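# Geometric and topological summary
If you want the building blocks of each chain, they are given just below.
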Amino acid sequence: MRSLLLVTVASSVLLTGCASLPRAPISSQNQTVIPNIPKARLTTQEITRLFQASRKPLAILALSGGGADGSYGAGFLAGWSQTGKRPDFDVVTGSSVGALIAPFAFLGAQHDATLKTMFTTGMANDLLQIAGADAIIGSSVYESGPLRELILRFADDTLIEAVAARHRQGKVLIIATTNIDRQSTTLWNMGEIAASTSPRRQDLFRNVLAASAAIPGIFPPVLIEVESGGQAYSEMHVDGGVSSNVTPVPEAVLVTSDSSARSRLFVIINGKLNADPAYTADYTLPIVVRSFQTAVKANTRNTMIATYAFCRRNNWEFNATSVDPGVPTPPGLVTFDRKYMKTLYEFGLAKAAGGRGFERSLTTAAY
């Protein structure tokens, strides 16, 4: 009972922390900083330096969004660990559900069991709790509390300290959110946040994870406290998948040529890259959700095409995996069906453990 009370209170603090702050003026948002953590967000220059200035090959893992299909990525990581060939990653990036997986992938195979618990025991189904009247007049159909409680349970202080320790070893964990006011991707340096001395570092760490997974209209946006000119404001952030469903190589780097040592890139797409035809009911919500899913899928395919071209141009090793076209998709708009997620977890595990997990090129079959 005491643990449940602590979770509820902490969730309430996370939800209301920025509620009374004015929204940051659009004209000043490019000059805002996070209080006491000035390097919490990666600038274009820092991203370019990270991906281009290294004199040793980097092992990079990118995890995409995909909702319940995140169970594929969780299973795939476990199967990959079984082969003994899973690298010690230098950089891990995550967006949407990939953001929830990323800290555990970043910390290593010893956290595979935690991911299995998250994605196969049915607890994800508890995320979908109708927000009452707010489902009609508020900012989302479902309440944010269950998602916050899930994050608080698994992204606890021990995990955050472990991320900080990896950061001090030179490893980088990047989470993508979408600043919806500015229509731009924000890349968060989670190790910098975790390793900071700010008393609110844990809150910010969890807020970023919640924001990255906040599907617009489904879960509420997250207001994150910032400062500009000595004034406190809040910025509205939503699902990283809106602007960057997967971030193998950040946009600022994709158009450049790289002179560093040959790096290895691994991309786990939590979903199908190919079209997945399904009947769409002639009602507002089904049309909006299906349109959003279609736009995200197109964005993901275009990102993968650009990433593959970058790797070929710069002699990087390219590896990508996604859910096979023949895997059945459950009906419904947004679902976290336990049976489906457990089956998809086992499919991903077997695929990776069998050594047939990654493709070295983009095949026409995937498109």
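Anyway, here's the lowdown on the structure attached to this text. Predicted model only: the values in this text are computed from it and were never measured.

### Focus: the overall build of the protein
When you go through the protein residue by residue, the secondary structure sums to 14 helices and eight strands. The buried share of the protein, reckoned over its 367 residues, is 53%. Of the contacts made within the protein by residues no fewer than 6 positions apart, 79% connect residues no fewer than 24 positions apart. When the accessible surface of the protein is split by element, carbon and sulfur atoms take 54% of a total near 16400 Å².

### Focus: empty space enclosed by the protein
Summed over the entire model, instances satisfying the criterion amount to two cavities of 30 Å³ or more. Lining the second largest cavity we find Leu100, Phe104, Met118, Leu150, Ile151, Phe154, Ala155 and Leu209. Within the residue set of the lining of the second largest cavity, elements represented by two or more residues are α4 (97–107) and α7 (145–154). Along the lines of polarity and charge, the residues of the lining of the second largest cavity split into eight nonpolar, no polar and no charged.

### Some remarks on the layout of surface pockets
The gaps left among the atoms become clear once a water-sized probe is rolled over them. Its volume calculated, the second largest pocket comes out at about 850 Å³. Lining the second largest pocket we find 36 residues, and of these Leu42, Ser184, Thr185, Thr186 and Leu187 sit closest to its centre. At the level of secondary structure, the elements contributing two or more residues to the lining of the second largest pocket comprise α2 (44–52), β4 (184–189), α11 (241–244), α12 (251–254) and α13 (284–314). Tallied by class, residues from the lining of the second largest pocket come to 15 nonpolar, 17 polar and four charged.

### Section: the environment of leucine 223
Along the chain, leucine 223 turns up in strand β5 (residues 222–228). Between the alpha carbons of leucine 223 and alanine 211 there is a distance of 8.3 Å; along the sequence they are twelve residues apart.

### A few points about α2
The complete set of buried residues in α2 reads Glu46, Ile47, Phe51 and Gln52. For α2, the elements touching its buried residues are β1 (59–63), β2 (91–95), β4 and α12.

### Side note on the packing of aromatic side chains
Inspection of every chain in the model, using the stated rule, returns eleven aromatic pairs. Residues phenylalanine 89 and phenylalanine 266 carry aromatic rings whose centres are separated by 6.3 Å and whose planes lie at 70° to one another, so their mutual orientation is edge-to-face. On the criterion of sequence distance, the pair formed by phenylalanine 89 in the loop between α3 (70–83) and β2 and phenylalanine 266 in strand β7 (residues 264–268) is long-range, its members being 177 residues apart. Note on phenylalanine 89: relative accessible area 2%, which makes it buried. Site record: aromatic cluster; members linked through ring pairs are Tyr72, Phe76, Trp80, Phe89, Phe266, Phe347 and Phe358. Over the face of the ring belonging to phenylalanine 106 we find arginine 166, whose NZ or CZ atom lies 5.3 Å from the ring centre.

### Regarding the side chain of asparagine 189
One can find asparagine 189 in strand β4. Look at asparagine 189 and you get buried, because its relative accessible area is 10%. The residues touching asparagine 189, leaving out its near neighbours within four places in the chain, are Lys39, Ala40, Arg41, Leu42, His167 and Leu173.

### Details of the packing of α4 against helix α8 (residues 157–168)
Between α4 and α8, the least distance of the axes is 10 Å, while the angle of their chain directions is 55°. If you check the angle between α4 and α8, you find them oblique. With respect to the hand of their crossing, α4 and α8 are arranged in left-handed fashion. Between α4, through Pro103, Phe104, Phe106 and Leu107, and α8, the contact on the second element is made entirely by Leu159, Ala162, Val163 and Arg166.

### A word on the pairing of β5
Of all the seven residues making up β5, five are buried; the element is thus mostly covered by neighbouring parts of the structure. As judged from the seven bridges shared by β5 and strand β6 (residues 231–238), these two strands associate in the antiparallel manner. The partner of valine 222 across the bridge, within β6, is histidine 237. Where β5 folds back onto β6 in an antiparallel hairpin, the turn is made up of two residues, including glycine 229, whose phi is positive at roughly 60°.

### Here's the deal with the pairing of strand β8 (residues 317–321)
In terms of burial, β8 is a largely internal element, five of the five residues being buried. Neither face of β8 is exposed, since Glu317, Asn319 and Thr321 on one face and Phe318 and Ala320 on the opposite face are all buried. In this structure, β7 lies alongside β8, joined through five bridges in parallel fashion. The residue bridging phenylalanine 266 from the neighbouring strand is asparagine 319, located in β8.

The rules behind each value
Residues numbered from 1 in each chain as written. Predicted model: local features only at pLDDT ≥ 70, side-chain atom pairs only at ≥ 80, totals over all residues. Heavy atoms only, no water. Helix = DSSP H or I, 4+ residues; strand = E, 2+ residues; numbered from the N terminus. Buried < 20%, exposed > 50% of the residue type's maximum accessible area, 1.4 Å probe, protein only. Contact = heavy atoms within 4.5 Å. Areas by Shrake-Rupley, 256 points an atom, 1.4 Å probe, with all protein chains shown as cover. 1 Å grid on protein atoms, 1.4 Å probe; cavity = no way out; pocket = protein on both sides within 12 Å on 5 of 7 lines; lining within 4 Å. Points joined across faces, edges and corners; volume = space filled by probe spheres on them. Nonpolar A, V, L, I, M, F, W, Y, C, P; charged D, E, K, R; others polar. Phe/Tyr/Trp six-rings, centres within 6.5 Å; stacked < 30°, edge-to-face > 60°. Lys NZ or Arg CZ within 6 Å of the ring centre and 35° of its normal. Axes fitted to C-alpha atoms, helices over the stretch in contact; angles between N-to-C directions. Parallel < 35°, antiparallel > 145°, perpendicular 65-115°, else oblique. Left-handed = near helix turned anticlockwise from the far one by under 90°. Pairing = 2+ DSSP bridges.

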